[in-house]
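A look at the structure
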Amino acid sequence: MKKNILSMTLLTAAVAMMSLASCDNVDDYNSNIHDPVLPEAVKEPVKLNLPSGTQWAPMNLGAQSPYDYGTFYAWDANLASQLWGNEWTLPTREQVEELFNSCTWENVSYNGKSLVVGTSKYPDKLECGNCQSTGVVTVSKEDPETGETVEEEATCDVCEGKGFNYAAPAKIYISLTGQILPDRTAVQYQGSRAYFWTAEEGTEDSGSAYYMYVNKGKSGTSITCDLAEKAVKNAVRCVKKQ
């Protein structure tokens, strides 16, 4: 008798979990998610120095490190601000394109998880070790006999100091999350592809929205945007509002 009661209890719990995961009502699905509360310092954006000034979050919503998959959500334009604060939002397709074009990409593995890592093509400027100014004048010295350049110096145009610190190019880590389709509970393509919601919807009344698609292909990483039903559960990587 006790064994039968236990079996029924486990079955009921399993059915409840499946119902939650397969729920097509966007608001109902997202309202049942309880993400960890992170300290503000952990949310410090990645300093990629992108031309537009866009600052990307260091990790996915629901994650506790840049290497975590995070949480899967049905589309909601206010996801970022609701979970991370009003200064955060979903990226646009234009910002996604800029991210891809502004980094060099490589495939890596960390603690058994597949990631793609983007290294910014725009490293931090040189900073004077004396006055912390980023104003730099490059001085070329010539050999007086041959007239050839024998040395180049970076000199601060504020204090004329010569001790500059070179900042390493920033990196953004993207875990290959996969996605969950409507009426499904299993995550598909995890470890080979990633799907992140953008701020942009499809055509009016289409019930769709654009997502950022990251593919770890044999010929290299590709990042594009495509449409999906809003009931699909994708990851979210937000950006700071400008």
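Structure shown above.
Overview of the structure. Each chain carries its own residue numbering, running from 1 in the direction its sequence is written. Whole-chain, interface and lining totals are the exception, using all residues; otherwise, since this is a predicted model, local features are given only for residues with pLDDT of at least 70 and side-chain atom pairs are given and counted only at 80 or more. Only hydrogens and water are set aside when side-chain values are computed; all heavy atoms of the structure are taken into account.

Considering the packing of aromatic side chains
- Note on aromatic contacts: the rings of Phe and Tyr and the six-membered ring of Trp form a pair at centre separations within 6.5 Å, being stacked when their planes are under 30 degrees apart, edge-to-face when over 60 apart, and tilted otherwise. Considering all chains together, one arrives at 7 aromatic pairs under this definition.
- Taking 5.1 Å as the distance between ring centres and 80° as the angle between the ring planes, the aromatic pair formed by Trp-84 and Trp-88 counts as edge-to-face. For the pair formed by Trp-84 and Trp-88, the shared burial category is buried.
- Residues Tyr-195 and Tyr-213 carry aromatic rings whose centres are separated by 5.3 Å and whose planes lie at 35° to one another, so their mutual orientation is tilted. Placement of Tyr-195 in strand β9 (residues 193–201) and of Tyr-213 in strand β10 (residues 208–217) is noted, with a sequence separation of 18 residues between them.
- Counting every residue linked through ring pairs, the aromatic cluster contains Tyr-189, Tyr-195, Tyr-211 and Tyr-213.
- Looking at Arg-93, its charged tip hangs above the ring of Tyr-210, at a distance of 3.7 Å from the centre.
- Positioned above the aromatic ring of Tyr-69, the side-chain terminus of Lys-113 is 4.8 Å from the ring centre. Per-residue accessibility, obtained with a 1.4 Å probe over protein chains only, is compared with the maximum for each type, and a residue is labelled buried under 20%, exposed over 50%, and partly exposed between these values. Secondary structure elements follow DSSP: runs of H or I of four or more residues count as helices, runs of E of two or more count as strands, with numbering from the N terminus. Whether a charge lies above a ring is judged from NZ of Lys or CZ of Arg, which has to be within 6 Å of the ring centre and within 35 degrees of the ring normal.

With respect to the sheet that holds β9
- The rule for pairing is simple: two strands pair if DSSP sees at least two bridges between them. The strand order across the open sheet formed by 3 strands is β9-β10-β11, and the pairing between neighbours is antiparallel. Looking at which strands have only one partner, the edges of the open sheet turn out to be β9 and β11 (220–229). Strand-to-strand twist across the sheet, computed as the mean angle between neighbouring axes with direction ignored, equals 25°.
- A contact between two residues is defined here by any heavy atoms of the two lying within 4.5 Å. Each axis is a line fitted through C-alpha atoms, taken for helices only over the stretch in contact, and angles between the N-to-C directions span 0 to 180 degrees. Taken strand by strand, helix α4 (residues 93–101) contacts β9, β10 and β11, and its axis lies near 170° from that of β11.

Observations concerning the sheet that holds strand β2 (residues 103–110)
- Ordered by their spatial adjacency, 3 strands build an open sheet running β2-β3-β8, and the pairing between neighbours is antiparallel. Unpaired on one side and paired on the other, β2 and β8 (171–175) mark the two borders of the sheet. Sheet twist, expressed as the average angle between the axes of neighbouring strands with direction ignored, equals 25°.
- In this structure, strand β3 (residues 113–120) lies alongside β8, joined through 5 bridges in antiparallel fashion. Among the inter-strand pairings, Val-116 is bridged to a residue of β8, identified as Ile-174.
- Together, β2 and β8 form the strand contacts of α4, whose direction differs from that of β2 by roughly 80°.

Focus on the side chain of Lys-43
- Tracing the sequence through the fold places Lys-43 in the loop between α2 (26–31) and α3 (79–84).
- For this analysis, a polar contact is any N or O atom pair within 3.5 Å, provided that within protein one partner can donate a hydrogen and the other can accept it, and provided that sequence-adjacent residues contribute only side-chain to side-chain pairs. Of note is the side chain of Lys-43, whose polar atom sits 3.4 Å from the backbone oxygen of Trp-84.

These results come straight from atomic positions and should not be treated as a statement about function.
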